[in-house]
Structure formats: structure tokens, C-alpha cells
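One-letter residues, chain by chain:
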Protein chains: 2
Amino acid sequence: MTSTTAGPAVTNAPAAPTAAAAVALHPVPLGASRSTAGFWFDRMQANRRQALRTGYEKLETAGNLRNLRIAAGREQGEVKGPIFMDSDVYKWLEAAGWEYGREADEEVLGWIREITDVVAAAQAPDGYLDSVQQVRGKGERYTGLHWSHEHYCAGHLFQAAVAVHRSTGETGLLDVAVRLADHLVATFGPGRNEEVDGHPVVEMGLVELYRETGKQEYLDLARWFVDARGHASIQAEHGADPTYFSDRVPVREATSPEGHSVRAVYFTAGAADVAAETGDTELRDALVRQWEGMLASKTYVTGGIGSRWDWEQFGDHHELPPDRAYAETCAAIGSVQWTWRLLLATGEARYADLVERTLYNAFLPGVSLAGTEYFYVNALQLRHGAHAEEERSVANGRRPWFDCACCPPNIMRTLSSLDAYVATRSETGGVPGVQVHQYTTGTIEAAGASLRVTTDYPWDGTVRVEVERSPGEFELALRVPAWAQGASATVAGTALDVTPGEYLRVRREFAAGDVVELVLPMTVRVVEADPRVDAVRGSVVVERGPLVYAVEQADLPDGLPADDVRVRVAEVRTAQAEHRPDLLEGVTVLHLPVHAALAAGTTPLYRPAGDDPAPQAAAETQVVPAIPYYAWANRDLGAMRVWLPRA
Amino acid sequence: MTSTTAGPAVTNAPAAPTAAAAVALHPVPLGASRSTAGFWFDRMQANRRQALRTGYEKLETAGNLRNLRIAAGREQGEVKGPIFMDSDVYKWLEAAGWEYGREADEEVLGWIREITDVVAAAQAPDGYLDSVQQVRGKGERYTGLHWSHEHYCAGHLFQAAVAVHRSTGETGLLDVAVRLADHLVATFGPGRNEEVDGHPVVEMGLVELYRETGKQEYLDLARWFVDARGHASIQAEHGADPTYFSDRVPVREATSPEGHSVRAVYFTAGAADVAAETGDTELRDALVRQWEGMLASKTYVTGGIGSRWDWEQFGDHHELPPDRAYAETCAAIGSVQWTWRLLLATGEARYADLVERTLYNAFLPGVSLAGTEYFYVNALQLRHGAHAEEERSVANGRRPWFDCACCPPNIMRTLSSLDAYVATRSETGGVPGVQVHQYTTGTIEAAGASLRVTTDYPWDGTVRVEVERSPGEFELALRVPAWAQGASATVAGTALDVTPGEYLRVRREFAAGDVVELVLPMTVRVVEADPRVDAVRGSVVVERGPLVYAVEQADLPDGLPADDVRVRVAEVRTAQAEHRPDLLEGVTVLHLPVHAALAAGTTPLYRPAGDDPAPQAAAETQVVPAIPYYAWANRDLGAMRVWLPRA
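Everything numeric here is computed off the predicted structure, so don't read it as measured data. (Residues numbered from 1 in each chain as written. Chains lettered and ligands numbered in written order. Predicted model: local features only at pLDDT ≥ 70, side-chain atom pairs only at ≥ 80, totals over all residues. Heavy atoms only, no water.)

A. Inspection of the side chain of A:Asp310 at higher detail. Relative to the elements of secondary structure, A:Asp310 occurs in the loop between α13 (281-297) and α14 (329-346). Overall, A:Asp310 belongs to the buried group, its relative accessible area being 8%. At a separation of 2.9 Å, a polar atom in the side chain of A:Asp310 contacts the side chain of B:Arg324. Discounting residues that sit within four places of it in the chain, A:Asp310 has contacts with B:Trp309, B:Asp310, B:Arg324 and B:Glu390. (Helix = DSSP H or I, 4+ residues; strand = E, 2+ residues; numbered from the N terminus. Buried < 20%, exposed > 50% of the residue type's maximum accessible area, 1.4 Å probe, protein only. Polar contact = N/O pair within 3.5 Å; in protein donor to acceptor, adjacent residues only side chain to side chain. Contact = heavy atoms within 4.5 Å.)

B. A look at the packing of helix α7 (residues 150-168) of chain A against helix α9 (residues 202-213) of chain A. All names here are of chain A. Interhelical geometry of α7 versus α9 gives an angle of 35 degrees and a closest axis separation of 7 Å. Classified by chirality, the crossing of α9 by α7 is left-handed. In this structure, α7 contributes His151, Gly155, Phe158, Gln159, Val162, His165 and Arg166 to the contact, and α9 contributes Val202, Met204, Gly205, Leu206, Glu208, Leu209, Arg211 and Glu212. Classifying every residue of the contact of α7 with α9 by side-chain character gives 6 nonpolar, 5 polar and 4 charged. (Axes fitted to C-alpha atoms, helices over the stretch in contact; angles between N-to-C directions. Left-handed = near helix turned anticlockwise from the far one by under 90°. Nonpolar A, V, L, I, M, F, W, Y, C, P; charged D, E, K, R; others polar.)

C. Up close: the pairing of strand β16 (residues 547-552) of chain B. Residue and element names in this part refer to chain B. Counting buried residues in β16 gives 6 out of 6 residues, a clear majority hidden from the surface. Here β16 shows a buried face lined by Leu547, Tyr549 and Val551 and a second buried face lined by Val548, Ala550 and Glu552. Where strand β15 (residues 539-544) lies against β16, 2 bridges are found, and the strand directions are antiparallel. Within the sheet, the bridge partner assigned to Arg544 lies in β16 and is Leu547. In sequence, β15 turns back onto β16 through a hairpin of 2 residues, with Gly545 there showing a positive phi of about 60 degrees. Here β16 pairs with strand β21 (residues 622-628) via 2 bridges, running antiparallel. Opposite Tyr549, over in β21, you have Pro628 as the bridge partner. (Pairing = 2+ DSSP bridges.)

D. Main features of the packing of helix α3 (residues 85-102) of chain A against helix α4 (residues 106-122) of chain A. Residue and element names in this part refer to chain A. It is the contact of α3 with α4, at a shortest axis distance of 10 Å, that shows an interaxial angle of 150 degrees. Crossing handedness for the pair α3 and α4: left-handed. On α4, the residues that touch Val89, Tyr90, Trp92, Leu93, Ala96, Gly97 and Tyr100 of α3 are Glu106, Val108, Leu109, Trp111, Ile112, Ile115, Thr116 and Val119. Each residue belonging to the contact of α3 with α4 can be placed in one class, and the counts come to 12 nonpolar, 2 polar and 1 charged.

E. View of the interface of chain A and chain B. In this complex, chain A contributes 69 residues to the contact, which on the side of chain B involves 69 residues. When the two sides are added together, the surface that chain A and chain B hide from each other amounts to roughly 5,600 Å², 44% of it contributed by carbon and sulfur. For the chain A face of the interface with chain B, the top three residues by lost area are A:Arg537, A:Leu605 and A:Tyr606, together amounting to 14%. Viewed at the interface, chain B and chain A are joined by 12 salt bridges. (Buried area = accessible area lost by both parts, 1.4 Å probe. Salt bridge = Lys/Arg side-chain N within 4 Å of Asp/Glu carboxyl O.)

F. Representation of the sheet that holds strand β5 (residues 431-436) of chain B in the model. Residue and element names in this part refer to chain B. Reading across the sheet, the 5 strands line up as β1-β4-β5-β9-β12 and stay open at both edges, with mixed pairing between neighbours. The open sheet is flanked by β1 (26-27) and β12 (503-509), the only strands paired with a single partner. With 7 bridges joining them, strand β9 (residues 473-479) and β12 adopt antiparallel strand pairing. Each bridged residue has a counterpart across the sheet, and for Glu473 the counterpart in β12 is Glu509. Where helix α14 (residues 329-346) meets the sheet, its contacts fall on β1, β4 (423-428) and β12, and the angle it forms with β4 comes to roughly 20 degrees. Here helix α15 (residues 349-363) sits on the sheet in contact with β9 and β12, set at roughly 50 degrees to β9.

G. Fine view of the relation of the copies chain A and chain B. Of the transformation superimposing chain A on chain B, the axial component is 0.0 Å and the angular component is 180 degrees, with the fit at an RMSD of 0.0 Å. The superposition operator between the copies reduces to a two-fold rotation axis. A shared interface surface links the copies, since 100% of the contact residues of chain A are contact residues in chain B too. (Least-squares fit on C-alpha atoms with pLDDT ≥ 70 in both.)

H. Layout of the pairing of strand β14 (residues 524-529) of chain B. Residue and element names in this part refer to chain B. Among the 6 residues of β14, 6 are classified as buried, and the element is accordingly described as predominantly covered. Inspection of the sheet shows β14 paired to β15 by 4 bridges, in the antiparallel sense. Bridge pairing links Val526 to Val542 in β15.

I. Representation of the sheet that holds strand β8 (residues 462-469) of chain B in the model. All names here are of chain B. In spatial order, the strands read β2-β6-β7-β8-β13-β10-β11; together these 7 strands make up an open sheet with antiparallel pairing. Edge positions in the sheet fall to β2 (33-37) and β11 (494-496), since each has one partner strand and no second. With strand direction ignored, the average angle separating the axes of adjacent strands in the sheet is 20 degrees. Of the pairings in the sheet, the one linking strand β10 (residues 488-491) to β11 comprises 3 bridges and is antiparallel in character. Bridge assignment links Val491 to a residue of β11, and that residue is Thr494.

J. Spotlight on the environment of B:Ala271. Residues and elements named next belong to chain B. Of note, Ala271 is situated in helix α12 (residues 261-278). Judged by relative accessible area, Ala271 falls into the buried class, the value being 0%. Sequence spacing of Ala271 and Glu585 is 314 residues, and the spatial spacing of their C-alpha atoms is 39 Å. With residues near it in sequence (within four places) discarded, Ala271 still touches Val226, Val251, Leu283 and Leu287.

K. Local environment of the domain arrangement of chain A. Residue and element names in this part refer to chain A. Considered domain by domain, chain A is made up of domain 1 (37-295 + 303-420), domain 2 (422-519) and domain 3 (524-645). One C-alpha centre belongs to domain 1, the other to domain 3; they are set 35 Å apart. If you look at the interface, domain 1 gives 27 residues, while domain 3 gives 26 residues. For the pair domain 1 and domain 3, the summed buried area comes to about 2,300 Å², and 59% of that belongs to carbon and sulfur atoms. (Domains from an automatic or database assignment.)

Written as C-alpha cells, this is what we have:
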């Protein structure tokens, strides 16, 4: 259990391509990319100190670990919970693994060993492992693979095992994963069982396990799964609608994601891993096209995806309601995973832009500031008097756990590995390079360089990168977000050309102590949607830096319901920013001039329309604070809106 | 089986109060109120000639009748379909009953007798009857009443038995219903089993059976069910969310319907029956308040209700998306049933107004012009490129039947009994009265008067009512819809005062041959929503007479997607109406001046907002036909929208 192996040299980070992979960029390992203070560091520390421990306890109280003990014959009784209960254990283990990679911790290692022991004990002699199926299925396996999540649980186990192995060097969980993967290889594929799991993720897991072990058959099986999907075989076998399962159109032909949003983006993320390791540029280009389709008509302004509550699905093109936004936290995480892989593959800044937007505005709202309560669904509007009739409704506020608890440990593993999304390294024409994609105070050791990043991002737009050690000539690339019109930069005091939406590339023989300073203007921006997004017609969103803002009832005076806030765009541009260290663990609020909607309560629901739209709001201007959307629902829960109708 | 009984004198119509009931108005029996030509007559004839026969066949092919034969021991095998399969049989039987009431038909009577024989054979010796539960439940009854629909199926049986008895005088089905009702009375109520069914309808059924048989215990049980709901007992017993089941708030305290929309309005309709028969004005007033709440913030412009796909529920206040409108056809029917009962109770025109709006624009879209294909869901918008991934999606077009086939036979029974919603009778201060609520060419025999109505409604607004026989002094009341600003009327050539939203009441000693002529202006109206309905901000609806209009791709030139239609309100008012007998079985189209949205395809999904909204549409005006919304999707299925954004 505590033995270690060398294994192939793979970076200690998620989705770390092999040296032979067809990628432009390579991740920087956890520990070598290290946040040390500031916005994300605080979230990561809350995750490490609070959430990880709470999660460990929840796995016991919710029954996940008991299920495994029952499967292992260590305990009697009936397994409980959804069929994919094991996956919560694995996502938590993955989080614990990355946490150990950030910084060694004996208590965390003890938990990992303890739970690994339970997982290993539950595994069948031939490698099969799925506690709920083992107990409830009474010997049956893979008979309802479209719903059983057997490969899904395996995929999460593989990801966990890789994280634990990369971070701790211990092979206990990896051995379990390899036995299960060998069983899958023996069981599935051409001429064997040719079904695909209803819920992708095994593709990512198998490629990572290939990277960790060098076993080609894992990559081959992942590639086979990628191309086996999309031919409506689930419908043929089980009569189920293929769209939901990303099984209607082959991934090489798809132009826009559809169906269950988490399934869709986990699948494309796995396909991107396959494309990278096999050098399959046709597949990569198809994934880029599909990603562009998602951005063109199926992405919320927050980066959130999946607009439909029913079946947690992508909607039609431009179907993006703010009030009934589903925008599942797990879908945001899957989008980051997919987008990150396209960034590695291509090196294009637009992918890092979406990662930023999604992390701040679609992922982070999913967790409370304390780090221990969660939104499953991330609506962009909550009306006054909304009634919470479903567990997942935002009208319940964030909750400590869910019957279907996919989101909480998914958030944990993402925060635990977040440092890995900060920077990458490259080698172009013999010149080493470091690319900084996300801005956080900390240190980056990569490509022979040692960098110290200092910033108060996202509150302030100045990013200072000091080269503490240089390998001689190298290229430092800093992402300039597409929103950062007017950005400027200097290197060692000399001004540089800066183009928003591209990387600022500084290639030179850096001297120790050289500083590159990038200044991203933190102006208040007002954004509207393509007019085909009917649900937000006549409304705008306020942004500042990478953050989407919201108005929340807790900040509004009596007599001004959030429902009734109206704005004039020219006034919004003048909103003053103020950093409030005392508020919501420190946020920059925008003092937003707003108007109250005219006494709507006295009108009938439908009424004659005037030739021109009637005045919607009172002339009088009130100034109210807008807060970053991610921070809402951390005080008294009340009405909230991101999209603000024009007065 | 063919014996007849007199029974108490109850009007041959649905929801016919006893003479002692606390109601302002009484229905006119089928046959005495008789459509003979025109709009609704054509729909009713399609229903009689096509749908009723197709339904009879579907009950066999879908397995409903087989389930009953299996329960009867006449056939071996497993029952199939949802747990409420029997209810489709009963709704069809009810339709057949009312059809026989409209006009005797030996083939229909033969079907009724044949199916009654199967139903009777399936009934258990103690009166219990639910074929799916009898076979699958293996002797268990009422153990999962929140989902089992056992009372629900009973309620539909009672309604069917009453319809068949009132129309044919035969007691076969009534005897089955009485045995089951007696079993329910013996089993449920205070001190007995105190659970309520998860799906209301038994309340309406029991009151109708009370009216038919005079058995007080049926009314008592209905009253008990009405007050037993709303105390979260379903949650206490089964852990299920009470909102969905109308079980969160007692009906006497509720201010707005919530949860599953069909459940909610079937329940309030039954409660209205109880209030009428018990003279419970507190209950009636609570229902009026709840109805007003529905109208104030939870009703589509079509009259449709229930905006959420997930769990088929009412949304929050003002949550009324047109694209993802659920607006189930059955919910529209339930709304008509509830609203009709409030009309009988109060005699107020606003209820008949909503019945009209709902019948034309929320109920009728549910059935094809041929009468044999159905929408389950009634979206108010279908985008270009929408993908049909669910059976119920409008992107599939109307379908011949559904796995959950509640809507088709519900439409059948509504059309079969539609004549009963046309007129009522009253007696006020000794003066008999006839109220005409809906306008269709036909005859009305009521309150000693004989009336002949002639109209080309809804295409033309002139309604001519000739008094062919008068009982001496009586009051003829004609509904003047609230939308009919500028309406005028004459009696025997003399002008009358007319107030839209009220009844035009003409009380006099009519002479045979006297004519009342009402002229309702068929001007084109443009309507907007309360600004709190965020989903249709900046958009308008075009109406003419009782009809809501839509633009459908089939009528638009190449290069003008329905998605991109924009309008100027002043221009819309000038739209010319043209009756097109050749189109869609005859519709009046509106030649609508529209503008194409500016090349939206080239803009990013989110973009900087100008101080004022950017021009949304081309200056060039095109004139395209708008069609009544009910008629959409009867040609090539394409994009459609009811709410038209302002240019």
C-alpha cells in the first residue's frame, strides 16, 4: 500500500499529456505552480481546510463508504443511494490526491489510505468494481449500461488513482484502477461487448491511466469508446433517446453539443485527450468546431452551460433563460476540462478566456464562501416570492449535500487542482516558454524559469511578474483577456504592444529581477446578448474584469425589489467601484445607478401595447451596490438578477 | 345492461349542479344547446367522425383494454403502460357518452356497451377497480397512493359513468361506478384510511356521482378529500414534496395555484363542485382568490397554464417562457373545467372570457385540424433548428398518441361536451334567463325560450340571436368579451348600451322573431405583457377577436426566418384581415407588416451594449400572413412565434 513506483514521467497535474502528445502546451505540476495568497488561494484554503474534511464525513453519513464495505463483505445490509454512489468517493479521493500534491499532509494521506483500503476490498477478483451493482445486481454486470454508470464510476476511479499516484507516489489505488481497466479492456471493444456507457468520463480516465502506466491498450479502448458513441447504439439496445447520451451524432460530425450537458462535455474532454495522444487532428478540429458551436449559441454570459431543467440538457440554439437556467455546477467543471484540453492542444487565448469566465462566474457560484455548501443549479435570476419545490432549486439556497451529490466533490477536486490551470510551459524552436493563463499571486517554476506573480486580481488589474531565475532566452506569455480593451504592459520599464484576446509574448534573455507588468483596465463594462437570445431581450449585464455582477435583495432598500431594478446604460458606465474588505469576505462592489420599475403591480398581466414601449421606470435615480455574481446567496436569501432590463 | 333508470333530474351536461346547489347559473343540456354549423361545429364533427373511432382503436392497440381483460381473467399476460392506463378508457367512454347525448348513434352505443362489459368484468367483488394495480400489485391496494392514481382512475370512471347515464339512460357503467364509490366510502375518510391520492380528479367525480344518484356519502367524501389535502400528509407518509401534489397549503388558504398544473386545477375544479353543492361560500371565495392569482401572474396569453417542463408544474410568478412553455393540453382543459364552475357559481363574465381564450388558444392547438393528432405540450415559440429529443416536444409536430396518453381522450371528451359550455339558464326574481357565453351558430332551448344563433364567429364579430319562442318576459344575456372595445348591439332594431367585460342583458317580453344583434369589433389588437414577465420583454402579441395569432415559417419568404421577424406596433395595427377558405380549413389571416432582424448571425453571443438599444431590424417592410395560433403545425413543421419582438 505504501510502495512507490517511478512510472513514466508525467506531470503532477490533471490532463497531463505525454511528451509525445500532439499539444502546443504542457501543464505545470502542482507545487511548481503555487498560489500563495489572494482570491483563489483563499477559496483553495477553504476547500482544503473545511470542504475536504466535511466531504470525508459525508461519504460516511451518506452511505457511500458503507456501500463499498457491503460489497467487500465487511458489513451487512442494503446499499443505498443512486447507482453512481462510488463516483463521489472517487472524486473526493481525487481531490485529496491533488491536495497532497499541493502540499503534503499526513492526515490527508491517512484518509486516502483508509478509503483506498475499502475500495480495494470491494473489488471483485477479476477486477470488476461497482459496489451498488455488485450488491443490487446479484451477479449481473453491464446489462443496463445506458443507466448503470459502471464505466462512469470506473472513469472517476481512474482519475482518482492517477491523482493519488502523481501526488503521493503510492500505488494502492493505482493497482485497483489497473485491475479494473484490464478487466474493461478484456470485456469491451470491437468483437467483445460493443456497448458504450450512458455517462461518459471513462474516456478521460483511460487516457490518464495510459499516461500513468504507458499501457497502450487503455488509450486504444478510450479511442474506441470515442468513435463507438454517436451511432444511436443506446437507442438500438435499450430504446432510449440517443440525444441525451451524446449518442445521436458521431463526435467527428457534431457541430454543437446537445443532450445532457455534463455527459456532453465530459465526452468531448475525453475525446480531446484521445486526439492529443493519438495526434488525431481531424478529431481535434471537430472538437474545436463543436466548442465554437457551444460558444455561439449555448453558453450563458457566466460561462455556464445546459439551460434545461428537464433532463439537465443543453437547450436549442439561443435558448438561455436566466430564471430557469440550470447551468449545473458539474457542467461548468466539465466545460473547463474540455476547454483546458483545447487550450493545451492549440495554445489559443480564447480557451483560457472561457476557462476564466467559467471559473469565476459559473463554477465558483456553486460553492459558499465558507466552502461547505453548494449550488447544484446556478440560476441567473431569482424572483421575489419564488418557491423552492425541488432540492436543487436556488430558492433553497446552497445546501450541504444532495441526494445526487455529484457537484460537491467535483468542486473539491477542481479547487484542489486549480493551481494546475494557472500556467503552462512550451518549447518552440528550441526556446522554452511559460504561459500564464490565470492571474493569482504565487510562484511558477517551469521551463527552467522561476517566476513570482503579484496581483490583487480580480479586484485590481495590475499583474506583476518578476523573473527570479531565467534559463537564458525564454518566452514569457501573459494572457490578455478579450475583455481587456486598453490593456498596457511594460518589461523592465519599456512599453510593449498589447492586443486583447491574445497572449502578450515577451521573448528575451531575462535577467534575474526583470519585471513584466501587465495592466488590465478594470472599467465597468455593459454587455448585451445576441437578439436571438429572446429571454434577455432589452436587458444588459454589468461586468468588471473577469467578473459578472448581480444585484441582490440584501443590498437594496425597502421598496425596491430586485425584480424591479432597471438601468440606463450610460449611467451604468459611470458606476463607481469600491473595494469592501468587510463584505462577503472582501469584494469590490459597483455603486450602480438604477431606477425602479413603474408600479407594475397595478397592471393586468396582458394589456394593450403602445406604439412605442411605455416608460418602464421612474426617472429618479437610486444608487445601489452590485456584487459579483459568484458571491450571491451568502447572506439572507432573496431576489437576485444578473440581467438588468433597460429603463 | 340496457335497463334505464330515471334518477334525480340532472341536466345532461358535465358539472351540472343539483337544483339545490348554490350557483347563479345552470347548464343547458346537450341537445338543447346544439351547434349546427361553423367553427366549433367542424371541430366537433371531426372529433365525432375521426377521433372517437381512432381512440377506440388506440385503446386496443396501446393495451388499455387488454389490461382490463387481464384483470378480469379473460386474458393472460402482463399489463402494460403507466399505472393510470384505465383513465384513458374512462375519458374515452365519457367522450362517447357525451357524443351520444349530442345525437344518438347505435355504433357509439355499441362501443360503450362493449367496453362497459370489459370494465365491469375487471371489477373486484368488493367494488375495487384498477386493472394495473390489480395485476401488478398482487393484492396490494392503496400502499403508494401518492403515485398509484387509484382514486384518479376512479374519478374518471365516475365522470364517464355519469356522462353515459345522463346521455343514454343506461346503468351498466353507473352500477360499476357506484360499487367502486361505495368501496371508497367504506375505505377512506375520517377514522378510516386518511390518505389522499397524489392526483386529484376523484373530487369532481364523486360530486357528479352524488348529483346522479343522490347519495350524500359521495358528496361527504368529496368534501373530506378537499379539506384533507393541503396538510403535507403525502410528505409525511411518503417523503414526497407536497407542492407538486397541491398538498402544501390548504385550499382555503391558497392564493395562487402551484405544483403540477393538471393536478392543481382538477383539484380546484372539484373543490368548486363541493362548494356549489354544500353552499360553502368561504371555499368558493378562496377558489376565486386563487383563480385571480393564476390570472395575475401564471397564465399565458393563450390561456395556457403550467410553464415548467420539469414535473409539468406551474412556475413562479411571472415565469412564462414562450419557447419552453409546457402549457399542457390537459392543463388547459382543467382550467376550463375550474373556470366554468366559477362561472356557474358567480355568473361573472370574466370566467367565460377565460374559457373562450383558453378554448381557442390553449386547448384547440392541442389537436390537428384532422382531429386525430395531438400536442401534449403547447409551446408559443419554436426556433429554427430546434431539435426534438422528447416525445412531447412540439418540434416533433402533433402525434397520433403518446406513451402517457392523457391528452388525446381528454380532448375528445371536451369536444364532445363543448355544446354544454355555450349557454346557461337562470331564474332571478322569478324571471327566467338565458346566458350565451360562447358564440357558435346553433340553437338553444332553455328556460322556456327557443333561440337561434347565427354567426361567423370567430372570423366575424356579428352575432345574431333570434328569439323563436319566448316564455313571456325573460332575460337574454350575451357575453361581451373584455377585448371587444367598441362593441354595439340592437334589439329589434333599437340600440343598446354595451359594456365590454360584462353581459349585455336584454330583459323584456320578447316576441317570436325578435332579434338581438351584437357586433364585436374584429379589429387587430396588439398586446404586451406586464414587464415582470421577463421572457417576453420588448415583444408583443397580435390578436383579433378571441384569437391569438402567430407567424409560422410556412408563410414566410425564403431568407426571413420566423426567429427574425420584428414588428412596429403602429404598423401592426394596420394589418389587413383576409378570410382564406382554402387555407387550414378556412382561417382569417392577418397581412402583417414586418421587418427582418439585422444580420444577427455575424455578432458574437455577448457584446458591448450601446447607450440605447441598437436598431434591431431592417427598415424595409415586408408583409407576411399571420395565422391563428391554434392552426400552426398543420403544414410543414417549421419555426413559429407568437411573441413578436418590436423592431
